[in-house]
Amino acid sequence: MERAPKISRNIDWITVAIYAAMLLLGWINVYAAVYSPDLKQSIFDFSINSGKQLIWIGTAVIIIIVLLVIDYKAYESLAYVVYGFIILLLIFTLIFARPIAGSRSWLEFGAIRIQPAEFAKFATALAVSKFMSTINLRQQNWKEHAILAGITLLPPFLILLSNETGSALVFGAFLLAFFREGMSPLILILGSIFVAIFILTLLVPKLYFVIAITLLFGLAIWSNRRLLRKITSVVLIYAAVVGMVFSVDFFVNNILQQHQQNRIKALINPEADPLGFGWNVTQSKIAIGSGGLYGKGFLEGTQTKFDFVPEQSTDFIFCTIGEEHGWIGSLVLIGLFMALLSRIIFIAERQKTVFGRSYGYCVASIIFFHFLVNIGMTIGLAPVVGIPLPFFSYGGSSLWSFTILLFILLALDTHRKQDLTRA
Amino acid sequence: MQTIFFVVAAVFAIKLFFIQVLNTEYKHAADANTIKRVVEYPFRGLIYDREGKLLVQNMPVYDLMVVPKEIKNIDTLRFCQLFNIPLDEFRLKIKTAKAYSYVKPSPFLQKLSPEEFAALQDNLVEFPGFYINARNVRGYPHQSLAHALGYIGEVSPQKLEQPEYAAYAAGDYLGVSGIEHEYEKILMGKKGVKYRMVNVRGIDKGPFKEGQYDTTAVAGQDLVSSIDLELQQYGERMLKGKRGSIVAIEPNTGEILAFISAPFYDPNLLTGKELGKNYLSLLRDPEKPLYNRPIKATYPPGSVFKLVQALIALEEGVITPQTGYPCNQSLVKCAHGHPYPSNLKIAIENSCNPYFYQVFRAVVNQGRSRNIYQDTHLGLDKWRDHVLSFGFADNLGVDLPYENMGIIASSRYYDKLYGKTGWKYPTFYSMSIGQGETGVTPLQMANLMATIANRGYYITPHLIRGIGPQQQPLPDYQKKNFTSVASRHYEPVIEGMAEVVASRRGTGWWANLSHLGIDICGKTGTVQNPHGKDHAVFAAFAPRVNPKIAIAVYIENAGFGSISSAPLASLMIEKYLTGTISKPRQRWEGWIENGEFYKSKH
């Protein structure tokens, strides 16, 4: 019976405080996003999203208590079981779910709808961490690498099948965690080059781009004659790059579906069709941009109030913050995320087990990826993919999943000293 | 890894700084998104006549508007019956409205008659989604006074570019002619602007910032005209179907009582939507109904000008009222077999041409120089200065645009034509009897009568006597303009004018109202017309003492004034002074109205 005081003494209160602050600000801004000056609803009105969000927050607290009370060793030992259950749930969803807005990703229990894809994040994080604690990534063991890749890529594959591109992309975040656990940085660098070529292909006319690449290679050989000895490799790399340029072009124009093409086009040039595919980005930038330094004030945002920005309480919640609280408000939000992410890395590093540390990095990577893509899309730096801003966006599934993700780490952290004594 | 986090955070912060703090474009875009500027049009000022009768009003026109989204369970059949439209048309109109917008109102039926509007008002509750939209157009309840009132029309794109039209926007109306033009600044009022917020679907979401930037429309000020509507309409009735004009002025105030240009048109033709079409058809009408004769048409003044000659001669001291000249027909023809003009009164009464030939010569050639050319030069210019003091050959300054100046020939004119030594009195003698190089508008002619009635001064004739509820007078129209002829010289001339009407031999005998106790002083005139029958002129004022009305009547191609313009002038005077036409004189009404005088052998 001394578990309770132990938890309160050992839990990382700084993280809890940041979490609570984010939830509070998120809740207030969800209210601001759905508030209608005509109806003047109360923030506690359960017919609007702010009232509902309060219920989600309340249930999140219950989930936290449960997570902290459970024997912390269970997370490691049951990691594969949880993962397996979620995989089954995803398959089940794929087969039986009723399509909502073009995707079969929601399970309905009466009035409550949950999105299993959200819960796949922490389940995969657990499974990946568990697996990594049993191997050494620095060793070139292709079999192990393949299994790790399989664990990581199975959930996004299933999610992609249900037409939820955004949620699937999140799993790319695991690369960051692998990097910490010894994965060769080459993959990250190659990945970055790939992304750079991808974007440049869309921005620059193909012919110019190929000429530029050719010149670049020629310059490299001319300035460093030794490369001539490796001419075969150089030519192969050159061919690969040029081949990629053409395949990206082909991929975007022929493989991607129309709405996915539009999202990429909207990112590159939203002004091309401000009322069509560019609408979301254009309006979102207008809302944020009109906020100025200090913002228009709480409940005073016109762009979000009058529905110019779509999905304002969920994916575009940052517009409300940007419009009503200006640059200062945006900085506070960015600051909170930086504080949270730093703290998570700090906590991860003080874990005594590879599982704990690896899980911590997974948590940081997932939250960071959401932050990166969500804010990026609202200000036109990333394509519009429907993923929520953690702890801010309205939505039970997303709030629960991030809460679980974070508090499993805090549960592990609370008991880290027991691991020490055990070791 | 934290480095990556902080780089991303920094990139976001910088990008946000650019779009939120540095770039103002997004703020404008946000305002353009949500703030709708709604212009509130002011009520244009009304115009009343001197008795308080409404001359110009704003007429509400009702349009039936429809908002397709709000149509709910309406009885389409009943609707169609009520408005007498076929079902197909109803469906088509709804379809058109939907194509425009589901949530914005679009016109369903335009310009409902007041009856339709009344019937509709009671039934409108049954038809949700249908609204009445009231607009204002100019209305002229009496169909009179078109030329003086003018009309309003859309402001032209050229004007919109000029700074003085900054208060106007495309599609706004402004006074194009007449009083509407002249008093535009007073009538127009001030537009109000309401800033409303709209959501993404264009639906109104209330005032912007509690309406702190809103302004309310200020109605234009009303005008009170000096026109006597009853007299105006009487004159219009008399001139209907003829060409001519009547201008009547109250001498001691310069207020215009009647301002008639025939042929005329119904001012209601130039209102609202039909303006463009109707304007063109009026413009193309060979009768030229748009021609504003009282201020645009210039005619040689004819014999009426002899009054001016007499006044100048008296002032110059070259004659006295007792001066006689022989009716020497070798100088200039004289139409009338009349007694010897042994004094001015007889000369005026009989309009003796040789008499005034000699009077004018005496005025011009006074021996100011030994050189006859030099003398004529000086004499003519001196004479012309006198004439101009009566308001001739210049804009009188009436409150209407585009007034014609008229002409009185000067020495410079003849110099140009014949050289400095190429002309003398016989070159321009015909001006002595109001012919030759002279041109006078009917308004100037009426003003001459007012000047004589006032014994030597006139107040600039005007159509508006007061502005706003206090009927504030206009300072321009308070000043007395004195002629260069002293007041004491007027009485002998007036005596002659009285005789024109009072004497059985006088050319104005048929204008005589002495049986009513009204003594009219007048003068007939004939404007020579190379294209057909001469124009008949009669100018007069009455009563002789303390005159109340000065009038000039022109009837084109009527021949002699004595049987056409003179009786018409007397009818106008009788109507104005007594309010009615006495029984024995009603036959004159028929004579004028039916144009009997055209058939006369005279």
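Chain A has the name Cell wall polymerase in an unreviewed UniProt entry, where Adhaeribacter rhizoryzae is given as its organism. The heading Subcellular location (unreviewed entry) in the UniProt record of chain A holds the text "Membrane".

Section: the overall build of chain B
Along its length, chain B carries 22 helices and 20 strands. By the burial criterion, 42% of the 602 residues in chain B qualify as buried. Looking at chain B alone, contacts between residues at least 24 apart form 70% of all its contacts between residues at least 6 apart.

Concerning the overall build of chain A
Counting its secondary structure elements, chain A contains 19 helices and two strands. In chain A, which comprises 423 residues, the share counted as buried stands at 42%. Considering only contacts in chain A between residues 6 or more positions apart, those separated by 24 or more positions represent 69%.

Describing the packing of helix H6 (residues 116-132) of chain A against helix H17 (residues 354-378) of chain A
Residue and element names in this part refer to chain A. The contact between H6 and H17 brings their axes to 8 Å, and the two run at 145°. Considering only the axes of H6 and H17, their crossing is right-handed. Residues Lys121, Ala125, Leu126, Val128, Ser129, Lys130 and Met132 of H6 touch H17, and the partners they reach there are Val354, Phe355, Ser358, Tyr359, Cys362, Val363 and Ile366. Residue classes in the contact of H6 with H17 are distributed as 10 nonpolar, two polar and two charged.

Remarks on the environment of B:Ala30
By the element assignment, B:Ala30 lies in helix H2 (residues 25-34). Since 23 C-beta atoms lie within 10 Å of it, B:Ala30 is described here as buried. Those residues within four positions of B:Ala30 in sequence are excluded, and the remaining contacts are A:Ile286, A:Ala287, A:Ser290, A:Thr302 and A:Gln303.

A short note on the sheet that holds strand E8 (residues 192-198) of chain B
Residue and element names in this part refer to chain B. The strand order across the open sheet built from three strands is E1-E8-E9, with neighbouring strands paired in antiparallel fashion. Since the sheet does not close on itself, it has two edges, and those belong to strand E1 (35-40) and strand E9 (204-207), each with one partner. The average angle at which neighbouring strand axes cross in this sheet is 40°, direction not considered. As paired elements, E1 and E8 share six bridges and run antiparallel to each other. Across the sheet, the residue bridging to Val39 is Val193, located in E8.

As for unusual backbone geometry
All names here are of chain B. Along the chain, Ala262 connects to Pro263 via a cis peptide bond; the corresponding omega equals 0°. Summarising the element assignment, Pro263 is placed in the loop between strand E12 (255-262) and helix H11 (275-284). A cis amide bond links Ala542 to the next residue, Pro543, at an omega of -15°. Tracing the sequence through the fold places Pro543 in the loop between strand E19 (535-542) and strand E20 (549-555). For Leu145, which is not a glycine, the phi torsion comes out positive at approximately 65°. Following the sequence through the fold, Leu145 ends up in the loop between strand E5 (130-139) and helix H6 (146-149). Positive phi outside glycine occurs at Asn557, with the angle close to 60°. Overall, the presence of 17 C-beta atoms within 10 Å leaves Asn557 in the partly exposed class.

Quick notes on the interface of chain B and chain A
Facing the 27 residues of chain B at the interface are 33 residues of chain A. For the side of chain B that touches chain A, the secondary structure elements donating two or more residues are helix H1 (2-22), H2, E8 and E9 of chain B. It is H1(B) that provides the largest number of residues to the side of chain B that touches chain A, a total of 13 residues. When grouped by side-chain class, the residues that make up the side of chain B that touches chain A number 17 nonpolar, seven polar and three charged.

Some details on the pairing of strand E11 (residues 244-250) of chain B
Residues and elements named next belong to chain B. In terms of residue burial, E11 counts as a mostly covered element, since seven of its seven residues are buried. What you see with E11 is no split at all: Gly244, Ile246, Ala248 and Glu250 on one side and Ser245, Val247 and Ile249 on the other are buried throughout. Pairing of E11 with E12 involves seven bridges; the strand directions are antiparallel. Counterpart to Glu250 in the pairing with E12 is Glu255. In this structure, the hairpin formed by E11 and E12 is closed by a connection of four residues, where Gly254 is found at a positive phi of approximately 75°. Across six bridges, E11 lies against E20 in antiparallel orientation. From the neighbouring strand, Ala248 faces E20, where its bridge partner is Ile551.

Examining the sheet that holds E11(B)
Residues and elements named next belong to chain B. Pairing in this open sheet of five strands is antiparallel, and the strands run E12-E11-E20-E19-E18 from one edge to the other. In this open sheet, the two edge strands, each paired with only one partner strand, are E12 and strand E18 (521-527). Recorded for the sheet is a direction-independent mean angle of 5° between the axes of neighbouring strands. As defined by bridge partners, E18 adjoins E19 across seven bridges and the pair is classed as antiparallel. The residue of E19 that forms the bridge with Val527 is His535.

Some points on the confidence of the model for chain A
Low-confidence regions, as indicated by low pLDDT, have predicted coordinates that should not be scrutinised in detail. Looking at chain A, pLDDT values average 84 and 93% of them are 70 or higher. When the elements of chain A are averaged for pLDDT, helix H19 (residues 416-422) of chain A gives the smallest value, 64, and helix H16 (residues 317-349) of chain A the largest, 94.

Considering the packing of helix H5 (residues 79-96) of chain A against H6(A)
Residue and element names in this part refer to chain A. It is at 8 Å that the axes of H5 and H6 come closest, and there the two elements cross at 150°. With respect to H6, the element H5 is oriented roughly antiparallel. For H5 against H6, the interelement crossing comes out left-handed. Across from Ala79, Tyr80, Val82, Tyr83, Ile86, Leu89, Leu90 and Thr93 in H5, the residues of H6 making contact are Pro116, Phe119, Ala120, Ala123, Thr124, Leu126, Ala127 and Lys130. Taken together, the residues of the contact of H5 with H6 sort by class into 13 nonpolar, two polar and one charged.

Some thoughts on the environment of B:Ser503
In this fold, B:Ser503 is placed in the loop between helix H20 (490-502) and E18. Between the alpha carbons of B:Ser503 and B:Asn350 there is a distance of 9.9 Å; along the sequence they are 153 residues apart.

A closer look at the nonpolar core
Grouped together as the largest cluster of nonpolar side chains are 132 residues, with contacts concentrated most on B:Ala248, B:Ala446, B:Met449, B:Ala540, B:Phe541, B:Ile551 and B:Met572. Counting the residues that make up this core, at least three belong to each of domain 1 (31-65 + 133-224) and domain 2 (229-279 + 291-597) of chain B. Setting aside its immediate chain neighbours within four residues, B:Met449 contacts B:Ala539, B:Ala540, B:Phe541, B:Ala550, B:Ile551 and B:Ala552. If you look at the next biggest cluster of nonpolar residues, it comprises 106 residues, including A:Ile48, A:Phe178, A:Phe308 and A:Ile404.

Considerations on the environment of B:Glu574
Residues and elements named next belong to chain B. Of note, Glu574 is situated in helix H21 (residues 565-578). Each C-alpha atom, one on Glu574 and one on Arg585, is 9.7 Å from the other, the two residues being 11 residues apart in sequence. The residues touching Glu574, leaving out its near neighbours within four places in the chain, are Leu513, Leu516, Ile581, Ser582 and Arg585.

Here we look at H16(A)
For H16(A), with 33 residues, the first-to-last C-alpha span of 32 Å runs short of the 48 Å given by 1.5 Å per residue. Along H16(A), the largest kink reaches about 130° and is centred on A:Gly326.

Section: the confidence of the model for chain B
Model confidence for chain B is summarised by a mean pLDDT of 88, while 99% of its residues fall at 70 or above. With a pTM of 0.66, the predicted complex shows an ipTM of 0.83.

Rules and cut-offs
Residues numbered from 1 in each chain as written. Chains lettered and ligands numbered in written order. Predicted model: local features only at pLDDT ≥ 70, side-chain atom pairs only at ≥ 80, totals over all residues. UniProt positions renumbered as here; feature names shortened; annotations may be inferred. Helix = DSSP H or I, 4+ residues; strand = E, 2+ residues; numbered from the N terminus. Buried ≥ 20, exposed ≤ 12 C-beta atoms within 10 Å, placed from the backbone. Contact = placed C-beta atoms within 7 Å. Axes fitted to C-alpha atoms, helices over the stretch in contact; angles between N-to-C directions. Left-handed = near helix turned anticlockwise from the far one by under 90°. Nonpolar A, V, L, I, M, F, W, Y, C, P; charged D, E, K, R; others polar. Pairing = 2+ DSSP bridges. pLDDT = per-residue confidence, 0-100. Parallel < 35°, antiparallel > 145°, perpendicular 65-115°, else oblique. Core = buried A, V, L, I, M, F, W, Y, C linked by C-beta atoms within 7 Å. Domains from an automatic or database assignment. Expected span 1.5 Å × (residues − 1). Bend = angle between axes of the 7 residues up to and from the residue.

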